Amino acid sequence: MVIMRSGTRTKKDTSQNATLEAESNGKTMSGSSETSLHSEKADSTSVSNKAPSKMQGIVFMSLILDLLGFTVILPLFPALLDYYSKHDTSGLYSTLLSWVATFQHLIGIPARFNSVLFGGLLGSLFSLLQFLASPITGALSDVYGRKPIYICTLIGVAASYGMWALASNFAVFVLARIIGGATKGNVSLAYSVMTDISDEKSRAKGMALIGVAFSIGFTIGPAVGAMFSRWGSTGWFAASAMYALALALCNIVYTYIFFKETLPETNRRKSVASGLSQAWELINPRSLFSFSPVKGLEKQERAKLVQLGRVYFLYLFLYSGLEFTLTFVTHHKHSYDSMAQGRMFSYLGLVMALMQGGYVRRVKDGSEKAMANKGLIMMIPAFILIGASETNWGLYTGLTLYALGSSMMVPCLTALASYHGAESHKGTLLGIWRSLGALARAVGPVVTSIGFWSMGAELCYIIGGLSMVFPLILLQSC
């Protein structure tokens with residue numbers, strides 16, 4: 001999602017830039033993106049708004065390095081958890097397993113689905129930590145500047161990859177994921193940096209570069225990670241982890257050398273407390289669902305915005321859960337190894353990139369709702385086919401519908417939301433919108449994984465696909 005500075009966002013900007021949210025995996029935007037940099041007192045170490053292109057390129061390259069490493073683990077999750085189920089020396093996996101064993105035997109759940117449940121727990125934990133940490137990261141950057149906080153997040157990401165490389169037991173791997181989720185605030189800061197350095201003419205280009213970085217990362221990263229998993233790797237894929245760590249270390253050095261501070265001291269907040277107060281509004285569910293921080297809305301307009309927020313949350317809740325368990329479906333039903341998983345992710349990334357770049361970005365103002373309806377309708381047969389198909393042909397038909405539908409949904413819903421409220425509250429509104437999505441991604445994986453674990457892939461995905469009818473119905477009244 002794109003959060004613009006007050007009074008500068010147009011409908012054209014919205015329909016173009018909203019496409020970026022689709023890959024944004026639940027990273028919360030801080031209120032820092034509302035900070036204005038028009039002060040003439042900016043110090044000499046800061047980037048001038050007059051020449052943003054170079055800094056945009058630096059942020060773009062940093063995101064490429066980050067996302068190529070971040071996506072490495074996606075095709076490896078099922079095999080990773082299968083390994084820990086058999087070789088965990090810490091006792092954590094067996095302890096968790098003992099908590100669910102009684103219920104498992106009672107309803108006859110196959111033991112091979114335990115990794116799905118644990119995967120969902122880890123996925124939701126990672127997203128929940130992102131949801132909580134990203135607004136705090138943004139608040140700190142408002143006080144201490146973008147560069148030091150950005151580098152701190154990169155160090156945390158590198159530390160998580162280093163721990164994964166050493167994770168011969170499940171406890172260390174879980175700790176690595178906790179550190180990774182708590183420090184994965186660099187993407188939300190990248191949005192803030194792009195806003196800092198952009199004027200109306202260059203902003204669209206800067207935000208589009210973030211979307212391109214996601215497309216490249218999710219198209220190439222999983223395949224490369226799968227390749228490294230074959231080269232003398234351990235059961236916990238240490239070679240893939242070392243590859244991700246090498247990229248993260250390169251990113252730290254690159255950022256330290258080339259990244260110039262974009263938030264001058266004269267424009268920073270005076271205390272952390274004021275920033276944290278605003279951050280609280282981005283993690284308080286009551287505030288999020290009511291859009292209460294957005295002032296000046298008429299009663300009817302607020303009601304429509306709240307309804308649209310419910311559509312967005314419910315859609316992403318269902319989508320993120322089914323998305324996260326996708327690798328487990330192909331692992332258990334189609335015996336996909338890491339290489340086959342990598343090829344699948346590359347295919348999805350390519351289709352989404354072509355769809356967003358060639359079609360969605362050309363959506364005309366006023367037609368977003370119609371396109372969102374089409375996207376939701378596509379998602380229903382997409383998930384039913386993915387869960388029920390026994391053949392690769394049927395699976396890839398579902399995956400194609402999934403890629404096309406998801407490419408339409410979030411960009412169009414975001415555009416619809418951005419039309420509400422005064423220009424002076426766009427940043428607040430879209431910050432809340434982004435946090436709603438992050439919250440949905442924090443709870444979706446664990447709920448769907450429980451459904452997969454208890455019902456199996458077919459029934460779970462059929463129910464999930466049919467449940468897309470509910471946000472479709474709600475959308476009609478928005």
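1. Description of the overall build of the protein
Along the backbone of the protein there are 20 helices and zero strands. The proportion of buried residues among the 478 residues of the protein is 62%. For the protein, the exposed surface amounts to about 17,900 Å²; the carbon and sulfur share of it is 66%.

2. Some details on helix H6 (residues 146–165)
Its 20 residues give H6 an end-to-end C-alpha distance of 29 Å, which sits within 8% of 28 Å, the value for a rise of 1.5 Å per residue. The buried count for H6 comes to 15 of 20 residues, which makes it a mostly enclosed element.

3. A short note on a nonpolar patch on the surface
A cluster of nonpolar side chains, contributed by Val253, Tyr256, Ile257 and Phe258, occupies part of the molecular surface with about 430 Å² of accessible area. Relative to the helices and strands, Ile257 is located in helix H10 (residues 238–258). What makes Ile257 partly exposed here is its relative accessible area of 47%.

4. What to know about the environment of Gly342
Mapped onto the elements of the fold, Gly342 is located in helix H15 (residues 338–358). Sequence-wise, Gly342 and Gly225 are 117 residues apart; in three dimensions their C-alpha atoms are separated by 7.6 Å. With residues near it in sequence (within four places) discarded, Gly342 still touches Pro75, Pro222, Ala223 and Ala226.

5. Details of the nonpolar core
Counting residues in each nonpolar core, the largest one holds 132 residues, and the members touching the most others are Trp164, Phe173 and Leu413. Sorting elements by how many residues they give to this core places helix H13 (residues 299–324) first, with 13 residues. Look past the residues within four positions of Phe173 in its chain and what remains in contact with it is Ile73, Phe77, Leu80, Tyr84, Leu122, Trp164 and Ala167.

6. Some remarks on the pattern of salt bridges
Pairing is possible between side chains that carry opposite charge, provided their charged atoms lie close to one another. Tallied over the full model, the rule gives nine salt bridges. Its salt-bridge partner being Arg230, residue Asp337 comes within 2.5 Å of it at the nearest N-O pair. One end of the pair, Asp337, is in the loop between helix H14 (326–333) and H15; the other, Arg230, is in the loop between helix H9 (200–228) and H10, with 107 residues separating them in the sequence. Taking relative accessible area as the criterion, Asp337 reaches 36% and is therefore assigned partly exposed.

7. Let's talk about unusual backbone geometry
The backbone of Phe237 sits at a positive phi, close to 55°, despite the residue not being glycine. By relative accessible area, Phe237 is classed as buried at 10%. Positive phi values are uncommon outside glycine, yet Ser335 reaches one of about 55°. Within the secondary structure, Ser335 sits in the loop between H14 and H15. A residue is classified by how much of its surface remains accessible, and Ser335, at 64% relative accessible area, is exposed.

8. Details of the packing of aromatic side chains
The tally for this structure, following the rule as stated, stands at 23 aromatic pairs. Note on Tyr312 and Trp433: the rings are 4.2 Å apart at their centroids and 15° apart in plane angle, and the pair reads as stacked. Within this pair, whereas Tyr312 is found in helix H13, its partner Trp433 is found in helix H18 (residues 426–455), the two being separated by 121 residues in sequence. This pair shows no difference in class: Tyr312 is buried, exactly as Trp433 is. Between the aromatic rings of Phe313 and Phe317, the centroid separation amounts to 6.4 Å while the plane-to-plane angle is 15°, which identifies the pairing as stacked. With Phe313 and Phe317 both in helix H13 and four residues apart, the pair spans about one turn of that helix. Since its relative accessible area comes to 18%, Phe313 is described here as buried. Taken together, Phe77, Tyr83, Tyr84, Tyr93, Phe118, Phe170, Phe173, Trp236, Phe324 and Phe328 form an aromatic cluster joined through their ring pairs. Directly above the ring of Tyr256 sits Lys147, whose terminal nitrogen or CZ lies 5.4 Å from the centroid. Of note, Lys184 hangs over the ring of Phe70, and the distance from its end group to the ring centre comes to 4.9 Å.

9. Notes on the side chain of Thr137
When you line up the elements, Thr137 lands in helix H5 (residues 114–144). Relative accessible area serves as the criterion here: at 9%, Thr137 is assigned to the buried category. Contacts of Thr137, omitting those with residues within four sequence positions, involve Ile149, Thr153, Gly185 and Leu189.

10. Quick look at the packing of H15 against helix H17 (residues 392–418)
The description of two helices packed together rests on the angle between their axes and the distance between the axes. Where H15 contacts H17, the axes come no closer than 9 Å and their chain directions differ by 45°. Classified by the angle between their axes, H15 and H17 sit oblique to one another. In this structure, the crossing between H15 and H17 has a hand that is right-handed. From H15, Arg343, Met344, Tyr347, Leu348, Val351, Met352, Met355 and Gln356 reach across to H17, where they touch Tyr396, Leu399, Thr400, Tyr402, Ala403, Leu404, Ser406, Ser407, Met408 and Pro411. Taken together, the residues that form the contact of H15 with H17 break down as 13 nonpolar, four polar and one charged.

11. Brief notes about the confidence of the model for the protein
A low pLDDT score tells you not to read the predicted coordinates there in detail. A residue-level look at the protein finds 86% of positions with pLDDT of 70 or above and a mean pLDDT of 84. Counted against residues more than four places away or in other chains, residues 1–46, with its pLDDT under 50, gives 168 contacts.

12. A word on the environment of Arg177
Along the chain, the position of Arg177 falls in helix H7 (residues 170–183). Assessed through its relative accessible area of 16%, Arg177 is described here as buried. Placed 14 residues apart in sequence, Arg177 and Met163 show a C-alpha to C-alpha distance of 8.9 Å. Filtering out sequence-adjacent residues up to four positions away, Arg177 remains in contact with Ile73, Phe77 and Phe126.

Calculation rules
Residues numbered from 1 in each chain as written. Predicted model: local features only at pLDDT ≥ 70, side-chain atom pairs only at ≥ 80, totals over all residues. Heavy atoms only, no water. Helix = DSSP H or I, 4+ residues; strand = E, 2+ residues; numbered from the N terminus. Buried < 20%, exposed > 50% of the residue type's maximum accessible area, 1.4 Å probe, protein only. Areas by Shrake-Rupley, 256 points an atom, 1.4 Å probe, with all protein chains shown as cover. Expected span 1.5 Å × (residues − 1). Patch = residues over 30% accessible without salt bridge, like charges linked within 9 Å, V, L, I, M, F, W, Y side chains within 5 Å. Salt bridge = Lys/Arg side-chain N within 4 Å of Asp/Glu carboxyl O. Contact = heavy atoms within 4.5 Å. Core = buried A, V, L, I, M, F, W, Y, C linked by side-chain atoms within 4.5 Å. Phe/Tyr/Trp six-rings, centres within 6.5 Å; stacked < 30°, edge-to-face > 60°. Lys NZ or Arg CZ within 6 Å of the ring centre and 35° of its normal. Axes fitted to C-alpha atoms, helices over the stretch in contact; angles between N-to-C directions. Parallel < 35°, antiparallel > 145°, perpendicular 65-115°, else oblique. Left-handed = near helix turned anticlockwise from the far one by under 90°. Nonpolar A, V, L, I, M, F, W, Y, C, P; charged D, E, K, R; others polar. pLDDT = per-residue confidence, 0-100.

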